[in-house]
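Observations on chain architecture
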Amino acid sequence: MEELENYQTYIDQAMDWAVGILPSLITAIITFFIGLWVIKFFNRMVRRFFAKKDYDETLESFLQSFISITLKALLFVLVITQLGVKTSSLVAIVGAAGLAVGLALQGSLANFAGGVLILIFKPFKVGDWISAQGVDGTVKEISIFNTKLSTFGNQIAIIPNGQLSNGNIVNYNMEDTRRDKIDVGIGYGSNIKEAKEILLQICADNPNINTEPAPEVYVGALADSSVNLTLRFWANNDVFWPAHFYVMEQTKLRFDAAGIEIPFPQRVMHKALED
């Protein structure tokens, strides 16, 4: 009988606690969903604002990500406060756990710092074709913690900003023009002068290849089975690859027409003589 009375006491206490916290819980839930709606609406307004202004796309994506995360953090604090947690107590808890959180999130903090460095020094921007961390691709988005690249095969590569800011980056769009280098091997019996003239004529026939600086051809190496010619020319970034592929195809076609041999590895098999 005494145990039943104790159970009843516990139940009454639980009911009193539930009744006491229920209004705060309902308020917190309402605050949470309204807050999410407000954040979504505010983010939409921010995107519209940037769409009307001619700001750097890198800055836009970074600020949008930063604003969204900051607003969600403020919403979390507001909801916790509605549940009865005092602000002073929350500050004390955050301060006490700051070291542990800092150690646990040191990678994220490094990525955040890397994002800030990328935003300040601008080694690349949205739309640039870069090579970094073993990945080549077009910069699609720079967020607060990572950068997204769209690769040549249309895959999305996500690279942490901390690694990008501390690693080597090759930005192929930083300059307006690029220089191409193509090595072509010809046979030792072929006419070097004629081969060089053909290569220069190929460049002259393509309007995508710049005439200044002028294309140049020289003997790069005397290899075991070929004389290696090196062709160098300049082209604008937007037509670089069409120019490259044009030269590669025309070199084979015109060398064949002129009778200039392009050596390739061959293996000769000899049949052993029988006694």
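Within each chain, residues carry numbers counting from 1 in the order of the written sequence. Given that the model is predicted, a residue must reach a pLDDT of at least 70 before its local features are reported, and side-chain atom pairs must reach 80 or more before they are shown or counted; all residues, however, enter totals for whole chains, interfaces and linings. The side-chain values count all of the structure's non-hydrogen atoms but skip hydrogen atoms and water molecules.

1. With respect to a nonpolar patch on the surface
Where nonpolar side chains cluster on the molecular surface, the patch consists of Ile26, Ile30, Ile34, Trp37, Val38, Phe41 and Met45 and spans about 670 Å² of accessible area. The helix count covers DSSP runs of H or I at least four residues long, the strand count covers runs of E at least two residues long, and both are numbered beginning at the N terminus. Of note, Ile30 is situated in helix 1 (residues 2-52). For patches, a residue must show more than 30% relative accessible area and have no salt bridge; joins then use 9 Å for like charges and 5 Å for nonpolar side chains, namely Val, Leu, Ile, Met, Phe, Trp and Tyr. The Shrake-Rupley method, run with a 1.4 Å probe, gives the accessible areas here. Residue values count only the displayed protein chains as cover. Salt bridge, as applied in this entry: a Lys or Arg side-chain nitrogen positioned within 4 Å of an Asp or Glu carboxyl oxygen.

2. Observations regarding the environment of Trp234
Mapped onto the elements of the fold, Trp234 is located in strand 8 (residues 227-236). Each residue's exposure class comes from its accessible area (1.4 Å probe, protein chains only) as a fraction of the maximum for that residue type: buried when under 20%, exposed when over 50%, partly exposed otherwise. According to the relative accessible area criterion, Trp234 is partly exposed, its value standing at 27%. The contacts of Trp234, once residues within four sequence positions are left out, are Thr177, Arg178, Arg179, Asn208, Ile209, Asn210 and Pro213. What makes two residues a contact is simply this: any of their non-hydrogen atoms within 4.5 Å.

3. Focus: the sheet that holds strand 7 (residues 216-222)
We call two strands paired when DSSP finds no fewer than two bridges between them. As summarised here, the arrangement of the three strands in space is 6-8-7, forming an open sheet in which the pairing is antiparallel. Each end of this open sheet is capped by a strand with a single partner; those strands are strand 6 (177-186) and strand 7. Across the sheet, the axes of successive neighbouring strands diverge by a mean angle of 25°, strand direction being ignored. In this sheet, strand 8 lies alongside strand 7 in antiparallel orientation, the contact comprising six bridges. Across the sheet, residue Leu222 finds its bridge partner in strand 8, namely Val227. The axes used here are C-alpha line fits, helices contributing only the stretch in contact, and every angle between their N-to-C directions lies in the interval 0 to 180 degrees. Against the sheet, helix 6 (residues 192-205) contacts strand 6, strand 7 and strand 8, and its axis sits at roughly 15° relative to strand 8. Each of strand 6 and strand 8 is contacted by helix 7 (residues 240-258), which is oriented at about 20° to strand 6, the strand it contacts most.

4. Focus on the sheet that holds strand 4 (residues 156-160)
The five strands are arranged 4-3-2-1-5 in an open sheet whose pairing can be described as antiparallel. At either margin of the open sheet sits one strand with a lone partner, and together these are strand 4 and strand 5 (169-171). In this sheet, adjacent strand axes meet at a mean angle of 40° when their direction is disregarded. Relative to strand 5, strand 1 (residues 129-132) runs antiparallel, the two sharing three bridges. If you follow Ser131 over to strand 5, its bridge partner there is Val170.

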